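# Geometric and topological summary
Spelled out from the first residue to the last, the chains are:
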Amino acid sequence: MTFQQPVGDTLPRYPVIIGDSLEEQGSGETAAHIYPATGAVTREIRFASPADVDRAVAAAQAAYPAWRALPGDKRRDLMFKLASLFEAQAQEMAPILVSENGSLSLAAPYISYDAAQKFRYYGGWADKIEGRTVATWGGPAHDYVSYEPYGVVGVIVPWNGPLFAATMVLAPALAAGNCIVIKAPDLAPYSVMRLVELIRQAGFPPGVVNLVTGGADVGAAMVAHPGIGKIEFIGSGATAQKILANAAQTLKPVGLELGGKSAVLVFGDADLQSAAKRGLTGAVSANGQGCVNGTRLLVERTIYEPYLQMLTAMAGHIKAGDPFAGDTMLGPVISEASLNRISGLVDRGVAAGGRLVTGGGRMGGDFSDGYYLPITVLADVDPASEISRTEVFGPVLVVTPFDSEEEAVALANDSDFGLGAYVHTTNLARAHRVAGQMQAGQVQVNGSGEAMTPCVPFGGMKHSGHGRLGGIEGMREFQQVKNVWVNLA
Ligand code: NAD
């Protein structure tokens, strides 16, 4: 098998876009971007520096008064135009998405379509921003509540789905009237770079969205910057802790969309085939690197072995391969370091009593230049063990049996995380009963990803973060509440 290599010339060129200036390099460090399917260097990129962050914030601040004053119907029209551009260029976006992190060509059109959906959905809110009046007491008065933008919002996104994450934030934040400084992730910078180019192409005024590409130093400079009114962070809990400590210096609000170890509860009355297929998506979706992937499978003992057999048989049909090939269903993980971390977790999971049903170590042969792991299923996993409690972020599922609904609920909630939960049952009353008890921001009944539409709120409980993106809650995330009391006496 010969792997297609990413073509540098087709990849976006500007890691820094500030105001109306497209810059081929920042003033920070230089690093080689690696394509994880082959280990090839796509390009050396000179990243932004904290000084570039200062310029980006200044540009956003300069653009803000006019952007905030722009009537909602004009903001709406710009967002609709951007949505159309996303649809029109889905073909050109696909190799960018594949090249930056090894995501699959198969899934790429969906990511552009999803971006278009988000800008249309929130474009539709941009011309419907309303407040409310309050029948207050204590004297004749007219009292009203208005929802106002923060000013400049700083956006920090991870490498695993940078365009998905960036559009999840930018669509509501722009609709609400904020200006943006966004950091493209150093490990997967290209789709966010193209997003900002498309925003310019759609005719958004210069400075409304500014781009800095880079790593922790650039993100930290954004968090510390007094000119940024709010940070929206999508990434790991460990980084979130550093960001919160940093934000304390400027008392800045921080929205957090973090990791997960989402439980999949399979009851004895479930449609077994559907539950196995959907259970497997936890290892496959985003090459096992999705924040809300269901990776902790809890299966009723009455169907435990048949379920495992079906899951394993289905895993055998998942074709690992070249991410550019249209029939590839599993690609690489992001880096050698990530691969080694995941392998270590699996090894320790086996040592702690996990039964390796399928998968295991690094894939060799044609795959040995890239960072490929097979779908790996560990059964009989102790819920207290490291691999059951840690976000693995690779194509790895852990499976644990349960004997009663109460035990299933207790096991599902026995986690530091609370992002998603998946319930498989044909019993309607049980579905609602269990959903009501899940400590998770999003529960899907007999589903495995269909809920990720822009019209519903998405976000975590516990260590998975707080705040919501999607739906009207997503707008509120980027609006400050003001109350005005007018004396009528
Ligand atoms: P990460 O926390 O290592 O990095 C995220 C971003 O933060 C990157 O852009 C990085 O450059 C930046 N950063 C690193 N240190 C920083 C600092 N000190 N100050 C400011 N910025 C800093 O996460 P990752 O490895 O890129 O992404 C994987 C994680 O993201 C997983 O835990 C995953 O579950 C989570 N995630 C969550 C969601 C969600 O919506 N809940 C979506 C996607 C990914």
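Up top is the structure these notes are about.
Everything in this summary refers to the structure shown in the same document. (Residues numbered from 1 in each chain as written. Predicted model: local features only at pLDDT ≥ 70, side-chain atom pairs only at ≥ 80, totals over all residues. Heavy atoms only, no water.)

### Some thoughts on the sheet that holds strand β22 (residues 479-487)
Spatially, β5-β6-β22 is the arrangement adopted by the three strands of the open sheet, whose pairing is antiparallel. With partners counted over all chains shown, the strands left at the sheet margins are β5 (132-134) and β22, one partner each. Strand-to-strand twist in this sheet, taken as the mean axis angle between neighbours without regard to direction, amounts to 25°. The sheet contact formed by strand β6 (residues 141-149) and β22 spans nine bridges and is antiparallel. Residue pairing in the sheet places Y147 in a bridge with V481 of β22. (Pairing = 2+ DSSP bridges. Helix = DSSP H or I, 4+ residues; strand = E, 2+ residues; numbered from the N terminus. Axes fitted to C-alpha atoms, helices over the stretch in contact; angles between N-to-C directions.)

### Examining the pattern of salt bridges
Using the criterion set out here, one finds 24 salt bridges in the structure. Salt-bridge contacts for R55 lead to E23; the nearest nitrogen and oxygen are separated by 2.8 Å. Taken together, the positions of R55 in helix α1 (residues 50-69) and E23 in strand β2 (residues 21-23) put the pair 32 residues apart, joining distant regions of the chain. For E23, a relative accessible area of 14% gives the class buried. With a shortest N-O distance of 3.3 Å, D414 and R389 are connected by a salt bridge. With D414 in the loop between α13 (405-413) and β17 (417-418) and R389 in helix α12 (residues 386-389), this pair connects stretches of sequence that are 25 residues apart. Taking the relative accessible area as the measure of exposure, D414 reaches 40% and is therefore partly exposed. Connected through shared salt-bridge partners, R76, D77, D127 and K128 make up one network. (Salt bridge = Lys/Arg side-chain N within 4 Å of Asp/Glu carboxyl O. Buried < 20%, exposed > 50% of the residue type's maximum accessible area, 1.4 Å probe, protein only.)

### Notes on the sheet that holds strand β12 (residues 262-266)
Within a beta sheet, neighbouring strands are joined by backbone hydrogen bonds and run either parallel or antiparallel to one another. If you walk across this open sheet you meet the seven strands as β14-β15-β16-β13-β12-β18-β19, and the pairing is mixed. Each edge of the sheet is formed by a strand with only one pairing partner; in this case those strands are β14 (355-358) and β19 (442-445). Shown here is a sheet whose adjacent strand axes are inclined to one another by a mean of 25°, direction ignored. Pairing analysis gives four bridges linking strand β18 (residues 420-424) to β19, with the strands arranged parallel. For V423, the partnering residue across the bridge sits in β19 and is V445. Across the sheet, helix α9 (residues 272-284) is in contact with β12, β13 (294-300), β16 (396-402) and β18; its angle to β16 comes to roughly 135°. (Contact = heavy atoms within 4.5 Å.)

### A few points about the environment of Y122
Secondary-structure assignment places Y122 in helix α4 (residues 108-126). What makes Y122 buried here is its relative accessible area of 1%. Within the local environment of Y122, its side chain forms a polar contact with the backbone nitrogen of G470, the two atoms lying 3.2 Å apart. (Polar contact = N/O pair within 3.5 Å; in protein donor to acceptor, adjacent residues only side chain to side chain.)

### What to know about a nonpolar patch on the surface
Taken together, Y144, V486 and L488 make up a surface patch of nonpolar side chains, about 250 Å² in accessible area. With respect to the secondary-structure elements, Y144 resides in strand β6. On the basis of relative accessible area, Y144 is assigned to the partly exposed category, the value being 32%. (Patch = residues over 30% accessible without salt bridge, like charges linked within 9 Å, V, L, I, M, F, W, Y side chains within 5 Å. Areas by Shrake-Rupley, 256 points an atom, 1.4 Å probe, with all protein chains shown as cover.)

### Some remarks on the packing of aromatic side chains
Given two aromatic rings, one states the distance between the centres and the angle between the planes to describe the pair. In the structure shown here, the tally under the stated rule is nine aromatic pairs. Aromatic pair F3 and F367: ring centres 6.1 Å apart, planes at 80°, arrangement edge-to-face. Remark: F367 occurs in the loop between β14 and β15 (376-379) and F3 occurs in the segment before β1 (16-18); sequence separation between them is 364 residues. Owing to a relative accessible area of 13%, F367 belongs among the buried residues under this scheme. A centroid spacing of 5.9 Å and a plane angle of 50° characterise the contact between Y35 and F324, whose relative ring orientation is tilted. Here the residue Y35 occupies a position in strand β3 (residues 30-35), and F324 occupies one in the loop between α10 (304-315) and α11 (336-351), the gap between them amounting to 289 residues. Residue class for F324 comes out buried when judged on its relative accessible area of 15%. An aromatic cluster is present here, built from F3, F367 and Y372 joined pairwise through their rings. Here the guanidinium or amino end of R476 rests over the ring plane of Y147, the centre of that ring lying 3.8 Å away. (Phe/Tyr/Trp six-rings, centres within 6.5 Å; stacked < 30°, edge-to-face > 60°. Lys NZ or Arg CZ within 6 Å of the ring centre and 35° of its normal.)

### What about the site of the ligand?
The full set close to the ligand counts 26 residues, and K183, S236, T239, L258 and E391 are the nearest of them. The separation between an oxygen atom of the ligand and a polar side-chain atom of K183 is 2.8 Å. The side chain of E257 places a nitrogen or oxygen atom 3.5 Å from an oxygen atom of the ligand. When the ligand is considered free in solution it has 860 Å² of accessible area, and contact with the protein chains removes 87% of it. Of all the elements in the fold, those that place two or more residues in the shell around the ligand are β8 (179-185), α7 (216-224), β10 (230-234) and α8 (237-247). The dominant element in the shell around the ligand, judged by the number of residues it contributes, is α7, at three residues. (Near = heavy atom within 4 Å.)

Shape descriptors only; they carry no functional weight alone.
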